[in-house]
Amino acid sequence: MRTTPQPVPRTPEALVTSGCPRAKLHHDEPQADPYDVYARMRAEHGPVIPVELEPGVHGWLVTDYTTLISWSRDTTTFGHDARLWKDFREGRIDADAAVLPMMAPRANALFVDGAEHQRYRRAITDSLGAVGSDRLTEVTERYANGLIDEFCERGQADVLNEYARMLPLLVINELFGFDRDQGVRFVEAMRNLWLGVDAEKSNAEAERALSEVVTAKHREPGDDVTTRLIQHRAALSDEEVIMQLLLVVAAANEPTANLINAGVREVLADPNVAEGRAPSPTALADIVDRVLWQDPPITNYPVLYPRVDVPLGGGRTIEAGSPILLGFAASNRFFLEENAEQLAESRNRAHVAWGAGPHRCPAREEATTMTIVALRTLLERLPGLRVAVPPEDLRWHLSALSWIPVTLPVQFSPQSPLTPTPVEGTPWTASDSHPETSVRRAPTSGKSPLSSLSNFLVRLMRGS
Ligand code: HEM
């Protein structure tokens, strides 16, 4: 195993950085194999890669498992606090840079350290923890069935856009107590943020939708995560509540969608499943662990900032205040490849898909539960489920911070919906639209509120 480069205090020698060119992390064309792109970068630059996140935004990417863990735990040398970002502080980042909403300083748990971090993290974990696994399972199953009802008669679907991306959004929106209108506006803004579309406007729209939710919950508290955050003993201001909500929703949706998507591919590759034998709950949990090792849902995010210059050897130095992206996906994958023999002998969960150190994902149970329920429900409802294209035809969008799969077409024997009439207990209630919103309305039909919402979301996700 490789030894971890040791950070040292700033010295005149350490300030010298080599002029080596940066690897480009942004790609216009979808790619067939992201790992191949990263293997080439590593071959050229070594495991800690100087990168261009987008034109004019520079940083580093760690793709070494041991280094990633040790730097994440070393809170003396490295911080999550984006106020350490030197190029941003000194005005060298364009105001319309696509990465800004995901990297600019914010008062949320992921972007601060020490006591400030503890205060936010405690409020989040207490509020989320009160949901309970039974309620989470019930809500996830209900929306999973509702979504499957929308496409089960067709015998084919895009499981990524019609299911995996919808499900965590719908679940989280219910648990957080959003009404339909707030949910739809928020979802559109979050999607655009992840895709880097109109970043500043999307960010403002997401915050506006959340601000309305917080005002509404002050008026009428509910049994939901938003109300619990407002009432938490940490006494968060409304602004702080909005920042934690924004963090949790963003942290929850896209990664869980990616895990469900990768889980579907993995489970359908299992010969037993192909022959019609449903995997046991333990087998499903094992499949999810395998995916977390091989194909982690969060690829190059979040970001660490060194407080001092960090020499890397070979004359290269990471300057204090440079963004270092945590390359979870590449670190896991290359570690697996380098240690295949030892790892094959013992099943373990030592992957870094949930991160490492004090910021490690606090919602591992919740994300795993949603994913397992999503996979189980899909397999139970759709006999003969199979991926409709060969693996080499699947494509990924590579942006600086994430690799986003494009579609996952599947086929199955057509089935009748479980709920042809309105879904009982669906929480979406009609609300007055906000005069400023530019969101397209879902068509009003005789179908269920879930139906119109999920149809709307599907179109939204496809950008049609
Ligand atoms: C498969 C799904 C998920 C994956 C792979 C994942 C992974 C991660 C990772 C890698 C981090 C950063 C760790 C670090 O900096 O070392 C993180 C942080 C976080 N995640 Fe998750 N996450 C997932 C789902 C969720 C869900 C469902 C929620 C909430 C409902 C959530 C809430 C958070 C929060 C609040 C943080 C910030 C924690 C802090 O800074 O202390 N995540 N997650």
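Note on numbering: residues in each chain are counted from 1, in written sequence order. Residue-level local features of this predicted model are given only where pLDDT is at least 70; pairs of side-chain atoms are given and counted only at 80 or more, and the full residue set underlies all totals for whole chains, interfaces and linings. Where side-chain values are given, they derive from all heavy atoms of the structure, hydrogens and water being excluded.

**Overview of helix H5 (residues 114-129)**
Then comes step 1: Secondary structure is summarised from DSSP: a helix means a run of H or I of at least four residues, a strand means a run of E of at least two, and numbering begins at the N terminus for each. To estimate how far a helix should extend, the number of its residues minus one is multiplied by 1.5 Å. Compared with the 22 Å implied by 1.5 Å per residue over 16 residues, the 22 Å span of H5 between its first and last C-alpha is a close match.
Then comes step 2: Think of it in three bands: residues with accessible area under 20% of the maximum for their type are buried, residues over 50% are exposed, and the middle band is partly exposed, with areas taken using a 1.4 Å probe on protein chains only. By the burial criterion, the buried members of H5 are His117, Tyr120, Ala123, Ile124, Ser127 and Leu128. Axial view of H5: buried residues confined to an arc of 135 degrees, hence all on one face.
Then comes step 3: The contact criterion used throughout is that any non-hydrogen atoms of two residues lie within 4.5 Å. Residues of H5 that are buried sit in contact with helix H11 (225-231), helix H12 (238-268) and helix H17 (364-381). Arc definition: directions from the helix axis to the C-beta atoms.

**Some details on the environment of Arg142**
Then comes step 1: Counting through the fold element by element, Arg142 comes out in helix H6 (residues 133-151).
Then comes step 2: Measuring from C-alpha to C-alpha, the distance between Arg142 and Leu167 comes to 9.8 Å, with 25 residues separating the pair along the chain.

**Structural notes on the nonpolar core**
Then comes step 1: If you look at the biggest cluster of nonpolar residues, it comprises 112 residues, and the most contacted ones within it are Tyr38, Tyr163 and Phe176.
Then comes step 2: Looking at which element gives the most residues to this core, the answer is H12, with 15 residues.
Then comes step 3: Here the bounds of each domain stem from an automatic or database domain assignment. Domain assignment of the residues forming this core places at least three in each of domain 1 (1-105 + 299-352) and domain 2 (107-295 + 356-398 + 412-464).
Then comes step 4: Among buried residues, those of type Ala, Val, Leu, Ile, Met, Phe, Trp, Tyr and Cys that are joined through side-chain atoms within 4.5 Å constitute a nonpolar core. Judged by nonpolar contacts, the second largest core, of 21 residues, contains Ile69, Ile324, Leu336 and Val352.

**A word on the site of the ligand**
Then comes step 1: Every one of the 28 residues lining the ligand counts as a neighbour, but His80, His117, Arg121, His359 and Cys361 are closest to it.
Then comes step 2: Polar contacts, as counted here, are pairs of nitrogen or oxygen atoms within 3.5 Å of one another; within protein the pair requires one atom able to donate a hydrogen and one able to accept it, and residues that are adjacent in sequence qualify only if both atoms are side-chain atoms. Separating an oxygen atom of the ligand from a backbone N or O atom of Leu110 is a distance of 3.5 Å.
Then comes step 3: Within the side chain of His117, one N or O atom sits 2.7 Å away from an oxygen atom of the ligand.
Then comes step 4: Put simply, the parts of the chain that give the shell around the ligand at least two residues each are H5, H12 and H17. The nearness test applies per residue and asks whether one of its heavy atoms lies within 4 Å of the molecule or strand.

**What to know about unusual backbone geometry**
Then comes step 1: The linkage connecting Tyr301 with the following residue, Pro302, adopts the cis geometry, with an omega of 5 degrees.
Then comes step 2: Positionally, Pro302 belongs in strand S6 (residues 300-306).
Then comes step 3: The phi torsion at Ala235 lies on the positive side, around 50 degrees, for a residue other than glycine.
Then comes step 4: Turning to its location among the elements, Ala235 is positioned in the loop between H11 and H12.

**Here's the deal with the pattern of salt bridges**
Then comes step 1: The term salt bridge refers to a side-chain nitrogen of Lys or Arg lying within 4 Å of a carboxyl oxygen of Asp or Glu. Taken as a whole, this structure holds 26 salt bridges when the rule is applied.
Then comes step 2: Taking the shortest distance from any N to any O, the salt bridge between Asp126 and Arg233 comes out at 3.6 Å. Placement of the pair is Asp126 in helix H5 and Arg233 in the loop between H11 and H12, with a sequence separation of 107 residues.
Then comes step 3: With a relative accessible area of 31%, Asp126 lands in the partly exposed category.

**Describing the coordination of the iron atom of the ligand**
Ideal donor angles around a metal are set by the shape: a four-donor tetrahedron calls for 109.5 degrees, a six-donor octahedron for 90 or 180 degrees.
Then comes step 1: Note that water is not among the atoms used; donors are N, O and S atoms within 2.8 Å of the metal (3.2 Å for Na, K and Ca), so sites may look incomplete. Among protein atoms, the single one acting as a donor to the iron atom of the ligand is Cys361 (SG), 2.4 Å away.
Then comes step 2: The residue Cys361 is located in the loop between helix H16 (340-345) and H17 in this model.

Just distances and angles here, no functional claims.
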